[in-house]
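Next come the chains, spelled out residue by residue.
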Amino acid sequence: MSDTVLKASLSQEERSAIAEIEATTNILQLVTRLTGTRFAGIAKFTETEWIVCSAYDPIELGINVGDTLDLETTLCSEFRRNPQALFLPQISQDGRLSSRPVVKQYSIESYAGAPVFLPDGRLWGALCALDSRAVLFDNPDLAETLTLFARLIGCIFFSNLTVEGASHIQTGSCLTD
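It should be emphasised that the depicted structure is a prediction, and the values quoted were computed from it without experimental measurement. One numbering rule holds for all chains: residues counted from 1, following each sequence as written. Note on the predicted model: pLDDT of at least 70 is required for a residue's local features to be given, and 80 or more for side-chain atom pairs to be given and counted; whole-chain, interface and lining totals, by contrast, use all residues. The side-chain numbers reported here are obtained from all heavy atoms of the structure, hydrogens and water having been left aside.

Points about the confidence of the model for the protein
Phase 1: Of the residues in the protein, 79% reach a pLDDT of 70 or more, and the chain-wide mean stands at 83.
Phase 2: A residue's pLDDT is simply how confident the predictor is in it, with values from 0 to 100. Each helix is a run of DSSP H or I of at least 4 residues and each strand a run of E of at least 2, with the numbering of both proceeding from the N terminus. Across the protein, the secondary-structure element scoring lowest on mean pLDDT is helix 7 (residues 163-171), at 42, and the one scoring highest is strand 5 (residues 110-117), at 96.
Phase 3: Throughout, a residue-residue contact means that at least one pair of heavy atoms, one from each residue, lies within 4.5 Å. Across residues 1-7, confidence stays below pLDDT 50; counting only partners more than four residues off in sequence or on other chains, it has 6 contacts.

A short note on the pairing of strand 5
Phase 1: Within strand 5, 7 of the 8 residues are buried, leaving the element largely enclosed by the surrounding structure.
Phase 2: A pair of strands is considered paired only if DSSP assigns at least 2 bridges between the two. Bridge count for strand 4 (residues 86-88) against strand 5 is 3 bridges, and the pairing is antiparallel. Note that in strand 5 the partner of Phe87 across the bridge is Ala112.
Phase 3: Pairing of strand 5 with strand 6 (residues 123-131), which is carried by 8 bridges, proceeds in the antiparallel orientation. Residue pairing for strand 6: Tyr111 is matched across the bridge by Leu130. Throughout this description, buried means an accessible area under 20% of the type-specific maximum (1.4 Å probe, protein chains only), exposed means over 50%, and partly exposed covers the range between.

Re the packing of aromatic side chains
Phase 1: Stacked, edge-to-face and tilted are the three classes for Phe, Tyr and Trp ring pairs, Trp counted by its six-membered ring, which pair at centre distances within 6.5 Å; planes under 30 degrees apart are stacked, over 60 edge-to-face, the rest tilted. One pass over the full model with this rule turns up 2 aromatic pairs.
Phase 2: Their ring planes at 55 degrees and their centres at 5.5 Å tell us that Phe87 and Phe137 sit as a pair that is tilted. Of this pair, Phe87 sits in strand 4 while Phe137 sits in the loop between strand 6 and helix 6 (142-161), and the two are 50 residues apart along the sequence.
Phase 3: You can call Phe87 partly exposed: its relative accessible area is 25%.
Phase 4: Judged by its relative accessible area of 15%, Phe137 falls in the buried class.
Phase 5: Relative to Phe157, the ring of Trp124 lies with its centre 4.6 Å away and its plane at 20 degrees, an arrangement referred to as stacked. Placement of the pair is Trp124 in strand 6 and Phe157 in helix 6, with a sequence separation of 33 residues.

Considerations on empty space enclosed by the protein
Phase 1: Here a cavity means grid points, on a 1 Å grid over the protein atoms only, where a 1.4 Å probe fits yet cannot get out; a pocket means an open set of points with protein on both sides within 12 Å along at least five of seven lines; lining residues are those with an atom within 4 Å of a point. Grid points are joined across faces, edges and corners, and a volume is the space filled by probe spheres set on the points. Taken as a whole, this structure holds 1 cavity of 30 Å³ or more when the rule is applied.
Phase 2: By volume, the largest cavity is sized at about 70 Å³.
Phase 3: Every residue lining the largest cavity is listed: Trp50, Ile63, Thr74, Leu75, Cys76, Val102, Ile108, Tyr111, Cys128 and Leu130.
Phase 4: Residue composition of the lining of the largest cavity, grouped by class: 9 nonpolar, 1 polar and no charged. The classification used treats Ala, Val, Leu, Ile, Met, Phe, Trp, Tyr, Cys and Pro as nonpolar, Asp, Glu, Lys and Arg as charged, and all other residues, Gly among them, as polar.

So, the state of the cysteines
Phase 1: Pairs of cysteine sulfur atoms within 2.5 Å are identified as disulfides in what follows. This model, assessed by the stated rule, comprises 0 disulfides.
Phase 2: Lacking any disulfide linkage, Cys128 is separated from the closest cysteine sulfur, that of Cys76, by 4.1 Å.
Phase 3: When its relative accessible area of 2% is taken as the criterion, Cys128 is described as buried.

Quick notes on the pattern of salt bridges
Close approach of charged atoms lets side chains of opposite charge pair.
Phase 1: Criterion for a salt bridge: a side-chain nitrogen of Lys or Arg within 4 Å of a carboxyl oxygen of Asp or Glu. Under the defined criterion, the tally for this structure stands at 7 salt bridges.
Phase 2: Note that Arg38 is salt-bridged to Asp131, the shortest N-O span being 2.7 Å. On the criterion of sequence distance, the pair formed by Arg38 in the loop between helix 3 (23-35) and strand 1 (39-45) and Asp131 in strand 6 is long-range, its members being 93 residues apart.
Phase 3: Take Arg38: its relative accessible area is 27%, and that puts it in the partly exposed class.
Phase 4: When its relative accessible area of 1% is taken as the criterion, Asp131 is described as buried.
Phase 5: In this structure, Asp120 and Arg122 form a salt bridge, with 2.8 Å as the shortest nitrogen-oxygen distance.
Phase 6: The exposure class assigned to Asp120 is partly exposed, which follows from its relative accessible area of 42%.

Topic: the sheet that holds strand 2 (residues 49-56)
Phase 1: Here 6 strands make up an open sheet; going across it, the order is 3-2-1-6-5-4 and the pairing antiparallel. With partners counted over all chains shown, the strands left at the sheet margins are strand 3 (68-70) and strand 4, one partner each. Across the sheet, the mean angle separating the axes of adjacent strands is 25 degrees when strand polarity is ignored.
Phase 2: Note: strand 2 against strand 3, 3 bridges, orientation antiparallel. By the bridge assignment for strand 3, Glu49 is matched with Asp70.
Phase 3: In the packing of helix 3 onto the sheet, contacts are made with strand 1, strand 2, strand 5 and strand 6, and the angle to strand 1 comes to roughly 125 degrees. The convention used is that axes are lines fitted to C-alpha atoms, helices contributing only their stretch in contact, and that angles between N-to-C directions extend from 0 to 180 degrees.

Shown next as structure tokens:
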């Protein structure tokens, strides 16, 4: 499949919003520092696809902006079943998740993630951190921190994609609801 086809799932508005938001790159760098992982990304969900919107990939896993995967093959699909932060320090020890195609394709051993909700309550996607090595997620505040970053990302995208979203940011309700 060509890059044009793969990237077509993101609207022009979404690509523009992503390009405008330098903060997402900074958030992803912070996420790797906080989790101890060497990759972080933001992905949008459709009914069937996981679409990379932003990636910080210093270890060159090969996950790039615009890439798509079948949603059900990803670890992030778990947020549709349980919309809570998820930590998997050693995926190879988890019989159910270790067989996911994405785990094998990118040699993922550890995963930390949080669902990204828009301020109107819709599940939009996920903030995730990955590594090919086992990572001990021992910070007791990590779930809350990732959830706050995911909420901030949801607010940023919402405010950049809709006029209505700007009022949520201006009133501060986006971060305090």
